[in-house]
Amino acid sequence: MSSIAATRLPRRTKLAYGMGDIGFSLTSTLIAVYYLIFLTDVVGLRAGLAGTAIMVAKQWDWINDPIVGHISDRTRSRWGRRRPYLLFGLVPFAIVFTLMWWRPPISSQGWLAVYYGAVFMFYDTVASFLYMPYFALTPELTSDYDERTALTTYRMAFSIGGSLVAFIVPAMIIGEFHPDNAPRVLLAGALFALLSALPLLGTFLGTREDPDLREASAPSLRESVRAALRNKAFLFAAGLFLLTWSAFDIIQAVLLYFLNYWLQIESVDAVFAVVFVTALVVLPLWEAVSRRTNKRKAYIQGIAFWAVVQIAMVLLAPNSPLWLVLILGAMAGIGVSAAHVLPWAIIPDAVEADEMETGARHEGMFYSLVMLMHKAAAGIALLLVGWTLDLSGYVPNAAQQPTSATTAIRALAGPVPALLFCGGIAFAALFPITREEHHDMVATLEQRRASSGKF
């Protein structure tokens, strides 16, 4: 019988697993919040070209991510299927991330776009070999419906803490995003590369994979893709994840523009701090709501609340009182917290639905496809933001933006993500697995493995 039966995980395991997400949170937040404004206001790349370079680079993920997930599923080693990648991918990950923040001695707009597109593609490749196996550990550490939410809550506590640091500290190091501060940007990039790599070593040392699952049959690439696309629960989980995080990516990309050029707030760090401290504090709330109801209902409540807050935020007038902005920031943090925990806690439940149907486990492929769709959508989101700013007449570093630019910024900060949130809510409402159904699936699978000797 597999040892991932429904038992409570030790706190040390939850902490060791959760700390690994600091690395991904630091790097992904830094890219989502600062990369576009770094390219436009420090490098001097046109906003449309910057968004295009990122979007084109992310198209490589259509090939890269499924292959990485498949390789992870088929890996067999004394450390398991997932953990070896956490150990051997640290150094390349840190080096390539640093190169993303270097301003090369190139004056041509076209060649600058080529450089940043190429280095972004290289970073995505290296990062995939780290986070794909890391995410696939979740369903392998526990099969319990509520323990998965608890494990994800620990992970997201580290994730939100990392996001808070990534929002605030770079601005303290860099100051203004201006060409003269390019060396400071590179310093911040190198520092965060180091801080991102080290926690993954702790995850490697502090977790253990199920030894029975190491011996599971290795599916072919075609079988893995087919299993994912035929899994109704996975498709609904992927849909709500995709729409939620696409909205989050747009908000992160446009937030600095919104605070600087529409609200004209100087205390940007205070707003970031309030959002993410609130998100961190209320994480246990969403675990409790999920246990009392279920993950699907908790998600709907949290994301609907956030959609309303985003609309309220863009209705604020320029130079609104800081206290009012901070209150809305704290309310947004409640939704941010729900978005961090619940989509990630829902996805693993599709693994058992897959095993019930196919008799095999395809965790690596499932997570690779989810991240592939997310990264492709994130690329489209940044393309949308970049070209919307470009076509609206946005002027980098200008104290006064044209009305067309501020209108575009407000639309991207409010109505657009709110519509995406509504789509995620629709997918959540249709998600087919309840707590009771999941418990029954786990029990059936344990009996099946015990009687067949499989795993």
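Quick note: structure is the one above.
Residues numbered from 1 in each chain as written. Predicted model: local features only at pLDDT ≥ 70, side-chain atom pairs only at ≥ 80, totals over all residues. Heavy atoms only, no water.

Asks: How should the overall build of the protein chain be read in this particular structure?
Replies: When helices and strands are counted, the protein chain shows 22 helices and zero strands. For 455 residues, the compact-globule estimate of 2.2 N^0.38 gives 23 Å, and the C-alpha radius of gyration of the protein chain, at 21 Å, lies within 12% of that figure. For the protein chain, the spread of C-alpha atoms along the principal axes amounts to about 70 × 45 × 35 Å. Classification of the 455 residues of the protein chain by burial places 61% in the buried group. When contacts within the protein chain are restricted to residue pairs at least 6 apart in sequence, long-range pairs at least 24 apart make up 85% of them. For the protein chain, the exposed surface amounts to about 16,800 Å²; the carbon and sulfur share of it is 68%. (Helix = DSSP H or I, 4+ residues; strand = E, 2+ residues; numbered from the N terminus. Rg over C-alpha atoms; globule rule 2.2 N^0.38 Å. Buried < 20%, exposed > 50% of the residue type's maximum accessible area, 1.4 Å probe, protein only. Contact = heavy atoms within 4.5 Å. Areas by Shrake-Rupley, 256 points an atom, 1.4 Å probe, with all protein chains shown as cover.)

Asks: What is the right way to look at helix α15 (residues 283–292) in this model?
Replies: Helical geometry: 3.6 residues make up each α-helical turn, so side chains three or four residues apart lie on a common side. Residues of α15 that are buried: Leu 283, Trp 286, Glu 287, Val 289 and Ser 290. Down the axis of α15, the smallest arc covering the buried residues is 165°, so these residues share one side. (Arc of directions from axis to C-beta.)

Asks: What should I look at first to understand the nonpolar core in this one?
Replies: Side chains of nonpolar character tend, in soluble globular proteins, to be buried together. Ranked by size, the top nonpolar core spans 144 residues in total, and within it Tyr 35, Phe 38 and Trp 101 carry the most contacts. Top contributing element to this core by residue count: helix α13 (residues 232–262), with 21 residues. Residue contacts for Tyr 35: discarding those within four places in its chain leaves Leu 30, Ile 54, Met 100, Trp 101, Tyr 116, Val 119 and Phe 120. (Core = buried A, V, L, I, M, F, W, Y, C linked by side-chain atoms within 4.5 Å.)

Asks: Got a minute to help me understand the environment of Lys 375 in this structure?
Replies: Take Lys 375: it is sitting in helix α19 (residues 363–392). Note on Lys 375: relative accessible area 4%, which makes it buried. Spatially, the C-alpha atom of Lys 375 lies 20 Å from that of Gly 89, the residues being 286 residues apart in sequence. Those residues in contact with Lys 375, other than ones at most four positions away along the chain, are Lys 58, Asp 61, Asn 64, Asp 65, Asp 124, Ser 128 and Tyr 131.

Asks: Whenever I open this one, a nonpolar patch on the surface confuses me. Can you help?
Replies: A cluster of nonpolar side chains, Trp 60, Trp 62, Ile 63, Ile 67, Ile 71 and Met 121, forms an exposed patch at the surface whose accessible area comes to about 530 Å². The greatest single-element share of the nonpolar patch, amounting to four residues, is contributed by helix α4 (residues 61–74). Its location among the elements puts Met 121 in helix α7 (residues 109–136). By relative accessible area, Met 121 is classed as partly exposed at 34%. (Patch = residues over 30% accessible without salt bridge, like charges linked within 9 Å, V, L, I, M, F, W, Y side chains within 5 Å. Salt bridge = Lys/Arg side-chain N within 4 Å of Asp/Glu carboxyl O.)

Asks: Quick question: what am I supposed to make of the packing of α13 against helix α17 (residues 322–346) here?
Replies: Helix packing for two helices is described by the angle between their axes and how far apart those axes are. Two elements in contact, α13 and α17, have axes separated by 9 Å at closest approach and are oriented at 155°. Taken together, the axis directions place α13 and α17 in an arrangement best described as roughly antiparallel. Pair α13 / α17 crosses with left-handed handedness. In this structure, α13 contributes Ala 237, Leu 240, Phe 241, Thr 244, Trp 245 and Phe 248 to the contact, and α17 contributes Val 336, Ala 339, His 340, Pro 343, Trp 344 and Ile 346. Class assignment of the residues belonging to the contact of α13 with α17 gives a composition of 10 nonpolar, two polar and no charged. (Axes fitted to C-alpha atoms, helices over the stretch in contact; angles between N-to-C directions. Parallel < 35°, antiparallel > 145°, perpendicular 65-115°, else oblique. Left-handed = near helix turned anticlockwise from the far one by under 90°. Nonpolar A, V, L, I, M, F, W, Y, C, P; charged D, E, K, R; others polar.)

Asks: Looking at this model, I keep getting lost on the pattern of salt bridges. Mind explaining?
Replies: If charged atoms from side chains of opposite charge come close, those side chains can pair. Evaluated as defined, the whole model comprises eight salt bridges. A salt bridge links Arg 155 to Asp 21, with the nearest nitrogen and oxygen atoms 2.7 Å apart. Of this pair, Arg 155 sits in helix α9 (residues 145–174) while Asp 21 sits in helix α2 (residues 21–43), and the two are 134 residues apart along the sequence. Residue classification places Arg 155 among the buried positions, given a relative accessible area of 3%. Of the charged contacts in the structure, one is a salt bridge between Arg 291 and Glu 287, with a shortest N-O distance of 3.2 Å. Here Glu 287 and Arg 291 lie together in helix α15, a separation of four residues that amounts to about one turn.

Asks: Can you walk me through the side chain of Ser 246 in this structure?
Replies: Relative to the assigned elements, Ser 246 resides in helix α13. The residues contacting Ser 246, other than those within four sequence positions of it, are Ala 377, Ala 381 and Leu 420.

Asks: Sorry, what's going on with the layout of surface pockets here?
Replies: Any space left empty among the atoms is revealed by the rolling of a water-sized probe across them. Within this model, the largest pocket holds a volume of roughly 530 Å³. Lining of the largest pocket is provided by 20 residues; of these, Gly 175, Glu 176, Phe 177, Asn 260 and Val 268 occupy positions nearest its centre. Of all the secondary structure elements, the ones that give two or more residues to the lining of the largest pocket are α2, α13 and α14 (268–281). For the lining of the largest pocket, the leading source of residues is α14, giving four residues. Quantified by volume, the second largest pocket comes out at close to 240 Å³. In this structure, the second largest pocket is lined by 12 residues; those nearest its centre are Ala 227, Asp 354, Glu 357, Thr 358 and His 362. For the lining of the second largest pocket, the elements supplying multiple residues, two or more each, are α12 (221–229) and α18 (349–358). Looking at the lining of the second largest pocket residue by residue, the class counts come to four nonpolar, three polar and five charged. (1 Å grid on protein atoms, 1.4 Å probe; cavity = no way out; pocket = protein on both sides within 12 Å on 5 of 7 lines; lining within 4 Å. Points joined across faces, edges and corners; volume = space filled by probe spheres on them.)

Asks: Teacher, can you tell me more about helix α10 (residues 182–206) here?
Replies: In this model, α10 (25 residues) spans 38 Å end to end at C-alpha, consistent with the 36 Å of a helix rising 1.5 Å per residue. If you check which residues of α10 are buried, you get Ala 182, Val 185, Ala 188, Gly 189, Phe 192, Ala 193, Ser 196, Ala 197, Pro 199, Leu 200, Thr 203 and Phe 204. Elements in contact with the buried residues of α10: α1 (11–19), α2, α5 (83–88), α6 (90–99), α7 and α9. (Expected span 1.5 Å × (residues − 1).)

Asks: Honestly, the side chain of Ser 196 in this entry has me stumped. Any pointers?
Replies: Note that Ser 196 resides in helix α10. Residue classification places Ser 196 among the buried positions, given a relative accessible area of 0%. Here Phe 192 takes part through its backbone oxygen, which lies 2.6 Å from a polar atom of the side chain of Ser 196. In this structure Ser 196 touches Gly 23, Leu 26, Thr 27 and Phe 93, once residues within four positions along its chain are discounted. (Polar contact = N/O pair within 3.5 Å; in protein donor to acceptor, adjacent residues only side chain to side chain.)

Asks: I keep staring at the packing of aromatic side chains and nothing clicks. Help me out?
Replies: Working definition: an aromatic ring pair is given by the centre-to-centre distance plus the angle between the planes. Following the criterion strictly, the structure yields 35 aromatic pairs and no others. Centre to centre, the rings of Phe 167 and Phe 272 are 4.2 Å apart; their planes meet at 50°, and the pair counts as tilted. Of this pair, Phe 167 sits in helix α9 while Phe 272 sits in helix α14, and the two are 105 residues apart along the sequence. In terms of burial, Phe 167 and Phe 272 fall into one category: buried. Between the NZ or CZ atom of Arg 83 and the centre of the ring of Phe 204, over which it lies, the distance is 4.5 Å. We note Arg 155 situated over the ring of Trp 344; from NZ or CZ to the ring centre the distance is 4.1 Å. (Phe/Tyr/Trp six-rings, centres within 6.5 Å; stacked < 30°, edge-to-face > 60°. Lys NZ or Arg CZ within 6 Å of the ring centre and 35° of its normal.)

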